[in-house]
Amino acid sequence: MTALSAPAPAAPPAETAPRRAPSLEALGMTKVFGGLVALDDVSLAVPAGTVHALLGENGAGKSTLVKCIMGFYRQDRGDVLLDGTATAIRSPRDAQGAGIGMVYQHFTLVPSLTAAENLVVARADAPSVIDWAAEKAKLAEFMARMPFQVPLDIPVADLSAGEKQKLEILKLLALDQRFLILDEPTSVLTPDEADEVLGLLGAMARRGEFTVLMITHKFREVSAYADDVTVLRRGKRAGGGATAALSVEDMSRLMIGETTIRERAARAPVGEGTVLELAGLFADNPDGSRAFAEISLKVKGGEIVGIAGVSGNGQSALVEALAGQRPLADGRIFIRDEPFEPTRENYHKYKVFGLPEEPLKNAAVPRMSVAENIAFRSFDRPPIASLGWWLSPGPMREKARDLIARYRVKTPSPDTPIEHLSGGNVQRAILARELSGDVDVLVVANPCFGLDFASVSEIRSQILEARNRGAAVLLVSEDLDEILELADRVAVMSEGKIAYVAPVGETDRNTIGKHMAGHGAGHAAAGGQR
Amino acid sequence: MDAFADTALFTLLVAMLGGAIRVSTPFMFVALGECLTEKSGRINLGLEGNLVLGAMIAYAISFHTGSPWTGVLAAGLSGLFLGAIHGYVCKLPRVNDIAVGIAMMAFGTGLAFYLGKPYIQPSAPRLEAIPLGEWTGIPSLAQALAINPLFFVGIALAVGMSWFFRNTRMGLVVRTTGDSAPAAKAMGVSVDLVRFLATAAGGFLAGVGGSFLSLSYPGSWNEGLSSGQGLMAVALVIFARWDPIRCVWAALLFGAAGAIGPAMQAIGVTQGFYFFNAAPYILTLLIMASSARSRFSGRDAPGELSIVK
Ligand SMILES: Nc1ncnc2c1ncn2[C@@H]1O[C@H](COP(=O)(O)OP(=O)(O)OP(=O)(O)O)[C@@H](O)[C@H]1O
Ligand SMILES: [Mg+2]
């Protein structure tokens with residue numbers, strides 16, 4: 001805990017001297033999962049005090065590579081060199097001892113512990129009996145030196161996604177790690193928050209305080225903050241070099257090869273009749289507080305209504321309510337003027353489909369196979385089921401195979417548990433399930449979280465095509481660019497209410513941003529310019 | 001005061017108070033043990049087996065050594081043994097903790113009945129109650145306030161556990177393991193080891209709870225000693241929302257409910273005797289039904305429990 005007790009950064013005490021930014025090399029890393037070669041002889045060199053970006057499609061093996069470096073997985077072949085010497089890292093604890101820390105792609109904070117407890121328990125050298133008064137004082141002093149803050153005394157479960165991400169990064173800094181591995185650290189941050197975090201880390205790396213290896217899908221961040229790039233493709237190193245020498249086109253070609261990205265279809269005109277109507281919806285949180293109130297919206301066939309807003313303003317509750325996962329306290333949903341009750345039968349009858357955020361958690365059963373997960377909407381109907389109860393695995397796997405091919409889901413086989421797919425591929429598998437049939441109403445939430453640019457483009461095309469085929473689409477997204485690109489109309493949600501509605505052609509970023517910021521919600525100035 | 005002391009209501013209340021204190025003690029130990037195990041992310045439904053085996057072992061060891069406290073310790077160790085088996089088996093791949101728990105319950109009670117046959121007749125030294133009510137001068141109250149020392153051990157344990165979960169590194173690690181296994185793994189903590197230790201320690205506590213059944217007044221070992229307290233304690237932990245201090249209150253409540261039947265008998269109400277005896281079970285049902293709908297229970301549940309996932 002030298003960082004917490006050091007009096008001033010300018011004059012580090014003697015014992016902190018060896019804890020300077022190290023260089024790291026990974027040589028010939030190979031990792032095989034069952035029959036799938038996730039990493040094939042990949043090498044990577046990160047010089048001391050630099051920021052290195054690791055790029056690659058979903059499922060390219062980026063997370064696997066860094067998890068091997070961290071000792072979370074054991075590589076089948078390959079070595080990790082720290083400052084030029086081979087270092088055996090057998091567990092994350094060894095990595096912590098060697099000064100390597102990582103922010104995982106999926107949060108590794110403990111939801112029921114407070115931020116302060118999370119910070120303390122993460123330390124390998126935490127005292128057996130914790131003197132909270134002293135620890136809190138140290139943490140407060142540490143926080144005071146940080147450019148962004150996170151409340152320390154409430155359970156992490158109550159923090160917003162952005163705050164959790166910041167806390168993960170603060171955790172590494174508090175641990176005084178010298179080699180930081182960040183697996184998609186900005187996927188839940190707004191562009192401004194991302195700049196704040198990456199700007200800080202970049203500046204500290206330049207001062208030689210640590211070295212950063214970061215995985216991201218955002219070229220903007222690579223160009224702005226990374227010194228060097230390594231690109232993986234299907235488990236192999238596809239190329240790399242100094243960021244200055246690579247254009248975005250170069251990087252994307254390295255990522256996906258010569259595959260062409262599907263052209264976005266032209267927009268068909270918006271339909272006439274209202275298909276989906278939300279009439280005065282209210283719902284509560286489990287703790288009794290209001291989640292959202294007075295939500296009234298009409299969506300026409302062939303129209304995309306985008307719901308913008310800073311995360312935590314009731315959007316996810318609204319998506320849950322529409323998916324039948326949260327009861328409405330008041331109000332009604334109408335589909336083609338008929339009242340809609342969220343039952344499985346009705347979802348089928350009215351052709352309502354959806355892609356909630358975090359699909360692995362909200363729309364999949366992690367331990368069931370990809371084929372079974374893809375069959376969730378159809379397993380009780382012919383041809384998979386006969387007489388309504390007899391399931392035939394043949395047609396189920398047949399259908400799964402077909403959709404896996406059509407939606408290019410990368411999976412070792414249809415029988416792999418879906419939790420073993422990379423994040424992007426889980427998303428595709430669920431989208432394949434939800435979009436493959438006739439769709440009248442589609443509710444999607446943050447569909448492109450954590451996807452590589454090719455998948456983003458693919459999925460946005462799919463959504464637009466569903467719209468062009470006449471579906472009424474409600475697109476809830478924290479990415480304003482996505483809304484401006486896809487939506488016909490935009491509605492802004494702030495503090496659980498709809499604060500603003502306008503056709504996309506008649507509004508702009510700034511106006512939307514102002515309404516997103518609502519009534520002075522401090523961290524909400526996200527809608528501004530890039 | 002004296003006039004009130006003669007009323008039926010007073011008799012009933014005193015009988016319930018004494019009953020609550022007496023009956024709650026085994027509940028308390030089993031619930032605290034279960035609480036510890038569940039906080040680490042596992043459910044051990046087998047604690048009924050620990051309770052019964054603990055009761056038998058405590059009695060036998062007390063009989064042989066003449067020291068009831070040695071019996072208590074041995075009961076704890078027998079519980080530790082059963083808990084360790086549960087903890088070990090559960091870390092094998094594709095093993096379900098609930099199923100193992102039920103098997104362990106059958107194993108523990110079966111073992112106790114098998115080993116316990118020779119101890120049904122002999123009489124072993126008991127744990128002496130601490131007379132705290134002599135000063136009142138009211139015999140019924142004095143009897144109710146003759147409290148077994150294990151009751152106080154249980155309360156101290158609850159306070160200690162509550163402190164342990166908040167203020168020690170091990171406590172935080174147990175909570176981490178119970179709430180998010182990936183987080184624990186990312187910290188380099190061995191999830192299986194933590195759960196193994198927590199299950200074994202929880203088993204120890206349940207075993208100690210068992211010793212109370214056979215070594216407290218009137219003190220005997222027989223096969224009908226436990227009436228499902230070990231199972232009800234699981235419900236009690238849910239009701240207490242995984243908080244050791246609340247476990248004590250919940251145990252007292254269950255204890256009082258269990259004392260209603262005998263207390264009614266004491267004041268001469270014989271109508272509905274079976275109904276009053278069923279009070280703790282009815283309470284268990286009501287609690288399970290209402291806490292399933294409670295707004296908070298889901299929030300406080302350790303995220304790794306197989307029933308929550
Ligand atoms: N524990 C595992 N068991 C089996 N296969 C796995 C496991 N972990 C990863 N894989 C497979 O290894 C491949 C690489 O996965 P990885 O998570 O490294 O991808 P990624 O590049 O991080 O993708 P994303 O951008 O979606 O996060 C994927 O095909 C995935 O299905
Ligand atoms: Mg990844």
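Placed above this text is the structure.
My aim in this report is to walk through the structure given alongside it, one point at a time. From a predicted model like this one, the values you see are computed outputs, not experimental measurements.

**Describing the overall build of chain B**
In terms of regular secondary structure, chain B is built from 15 helices and 2 strands. Taking the principal axes of the C-alpha coordinates as reference, chain B spans close to 65 × 50 × 35 Å. In chain B, which comprises 309 residues, the proportion classed as buried is 54%. The long-range fraction of contacts in chain B, counting pairs at least 24 apart against all pairs at least 6 apart in sequence, stands at 76%. For chain B, the exposed area adds up to about 13,300 Å²; of that, 68% sits on carbon and sulfur atoms. Separation between the mean location of the 18 positive side-chain charges and that of the 14 negative ones in chain B comes to 12 Å.

**As for the sheet that holds strand β6 (residues 100–103) of chain A**
Residues and elements named next belong to chain A. As summarised here, the arrangement of the 6 strands in space is β6-β7-β8-β3-β9-β10, forming an open sheet in which the pairing is mixed. A strand with exactly one partner marks an edge of an open sheet, and here the two such strands are β6 and β10 (236–242). Within the sheet, the average angular offset between the axes of one strand and its neighbour, ignoring direction, is 15 degrees. As paired elements, strand β9 (residues 228–233) and β10 share 6 bridges and run antiparallel to each other. Directly across from Arg 233, in β10, lies its bridge partner Lys 236. In the packing of helix α6 (residues 161–174) onto the sheet, the strands contacted are β6 and β7 (179–183), and the crossing angle to β6 comes to about 175 degrees.

**Thoughts on the sheet that holds strand β11 (residues 274–284) of chain A**
All names here are of chain A. Spatially, 4 strands are ordered β12-β11-β14-β15 in an open sheet, and the strand pairing comes out antiparallel. Each edge of the sheet is formed by a strand with only one pairing partner; in this case those strands are β12 (290–300) and β15 (338–339). Strand direction decides the pairing type here: strand β14 (residues 330–335) and β15, joined by 2 bridges, are antiparallel. Looking at the pairing, Ile 335 lines up with Glu 338 of β15.

**As for the state of the cysteines**
Residues and elements named next belong to chain B. One pass over the full model with this rule turns up 0 disulfides over all chains. A disulfide-free cysteine, Cys 247 has its sulfur positioned 4.4 Å from the sulfur of Cys 35, the nearest such atom. Judged by relative accessible area, Cys 247 falls into the buried class, the value being 0%.

**Some remarks on the site of ligand 1**
All names here are of chain A. Around ligand 1 sit 20 residues in total, of which Gly 59, Ser 63, Thr 64, Gln 105 and His 420 are the nearest. Contact distances for ligand 1 include 3.4 Å between a nitrogen atom and a side-chain N or O atom of Tyr 73. Between ligand 1 and the protein, one listed contact pairs an oxygen atom with a side-chain N or O atom of Gln 105 at 2.8 Å. Notes on ligand 1: free accessible area 630 Å², of which the protein chains cover 88%. Listing elements by their share of the shell around ligand 1, those giving two or more residues are β2 (36–46), α2 (62–70) and α15 (423–435). A total of 3 residues in the shell around ligand 1 trace back to one element, the largest contributor, which is α2.

**A closer look at unusual backbone geometry**
Residue and element names in this part refer to chain A. Non-glycine residue Asp 41 carries a positive phi angle of around 55 degrees. Within the element layout of this structure, Asp 41 appears in strand β2. For Arg 234, which is not glycine, the phi dihedral falls at a positive 45 degrees. Within the element layout of this structure, Arg 234 appears in the loop between β9 and β10. According to the relative accessible area criterion, Arg 234 is exposed, its value standing at 57%.

**Concerning the coordination of the magnesium ion (ligand 2)**
Residues and elements named next belong to chain A. Here the magnesium ion (ligand 2) is held by the protein donor atoms Ser 63 (OG) and Gln 105 (OE1), which lie 2.0 to 2.1 Å from it. Here Ser 63 is found in helix α2, whereas its partner Gln 105 is found in the loop between β6 and α4 (115–121), with 42 residues between them in sequence. A relative accessible area of 17% places Ser 63 in the buried class. We classify Gln 105 as partly exposed; its relative accessible area is 28%.

**Some remarks on helix α9 (residues 248–256) of chain A**
Residues and elements named next belong to chain A. Of all the residues in α9, the buried ones are Met 251, Ser 252, Met 255 and Ile 256. For α9, the angular spread of the buried residues around the axis is 110 degrees, confining them to a single face. Lining the buried residues of α9 we find β3 (51–56), α8 (219–225), β9 and α16 (453–468). Following α9 by one or two positions, Gly 257 has its phi on the positive side, about 70 degrees.

**Topic: the interface of chain B and chain A**
Many descriptions give the size of an interface as the accessible area lost when the pieces come together. Taken together, the contact pairs 20 residues of chain B with 25 residues of chain A. In this assembly, chain B packs against chain A so that about 2,000 Å² is buried in total across both faces, 56% of it on carbon and sulfur atoms. For the pair chain B and chain A, the number of links is 1 salt bridge. Between Glu117(A) and Arg175(B) there is a salt bridge; the shortest N-O distance is 3.2 Å. Ranked by residues supplied to the side of chain B that touches chain A, first place goes to helix α8 (residues 169–179) of chain B with 6 residues. Partitioning the side of chain B that touches chain A into residue classes produces 7 nonpolar, 5 polar and 8 charged.

**Quick notes on the pattern of salt bridges**
Residues and elements named next belong to chain A. Under the definition given, this model contains 31 salt bridges over all chains. Where Lys 166 meets Glu 193, a salt bridge forms, and the shortest distance between an N and an O atom there is 3.6 Å. Of this pair, Lys 166 sits in helix α6 while Glu 193 is found in helix α7 (residues 191–206), placing the two residues 27 residues apart along the sequence. Across the pair, exposure class does not vary: Lys 166 and Glu 193 are buried alike. For Asp 284, the salt bridge goes to Arg 290, with nearest N and O atoms at 2.9 Å. In this structure, a network of salt bridges that share partners links the residues Arg 460, Asp 479, Glu 482 and Glu 485.

**A short note on the packing of helix α2 (residues 8–39) of chain B against helix α7 (residues 149–167) of chain B**
Each pair of packed helices can be described by the angle between their axes along with the distance between the axes. All names here are of chain B. Relative orientation of the contacting elements α2 and α7 amounts to 25 degrees, with a least axis distance of 9 Å. By the criterion of interaxial angle, the relationship of α2 to α7 is roughly parallel. In this structure, the crossing between α2 and α7 has a hand that is left-handed. Contacts between α2 and α7 involve Ile 21, Ser 24, Thr 25, Met 28, Phe 29, Leu 32, Cys 35, Leu 36 and Lys 39 from the former and Leu 150, Phe 151, Val 153, Gly 154, Ile 155, Leu 157, Ala 158, Met 161 and Phe 165 from the latter. Looking at side-chain class alone, the contact of α2 with α7 contains 14 nonpolar, 3 polar and 1 charged residues.

Cut-offs used in this document
- Residues numbered from 1 in each chain as written.
- Chains lettered and ligands numbered in written order.
- Predicted model: local features only at pLDDT ≥ 70, side-chain atom pairs only at ≥ 80, totals over all residues.
- Heavy atoms only, no water.
- Helix = DSSP H or I, 4+ residues; strand = E, 2+ residues; numbered from the N terminus.
- Buried < 20%, exposed > 50% of the residue type's maximum accessible area, 1.4 Å probe, protein only.
- Contact = heavy atoms within 4.5 Å.
- Areas by Shrake-Rupley, 256 points an atom, 1.4 Å probe, with all protein chains shown as cover.
- Lys, Arg positive; Asp, Glu negative; His and termini not counted.
- Charge placed at Lys NZ, Arg CZ, Asp CG, Glu CD.
- Pairing = 2+ DSSP bridges.
- Axes fitted to C-alpha atoms, helices over the stretch in contact; angles between N-to-C directions.
- Disulfide = S-S within 2.5 Å.
- Near = heavy atom within 4 Å.
- Polar contact = N/O pair within 3.5 Å; in protein donor to acceptor, adjacent residues only side chain to side chain.
- Donors = N, O, S within 2.8 Å, 3.2 Å for Na, K, Ca; no water.
- Arc of directions from axis to C-beta.
- Buried area = accessible area lost by both parts, 1.4 Å probe.
- Salt bridge = Lys/Arg side-chain N within 4 Å of Asp/Glu carboxyl O.
- Nonpolar A, V, L, I, M, F, W, Y, C, P; charged D, E, K, R; others polar.
- Parallel < 35°, antiparallel > 145°, perpendicular 65-115°, else oblique.
- Left-handed = near helix turned anticlockwise from the far one by under 90°.

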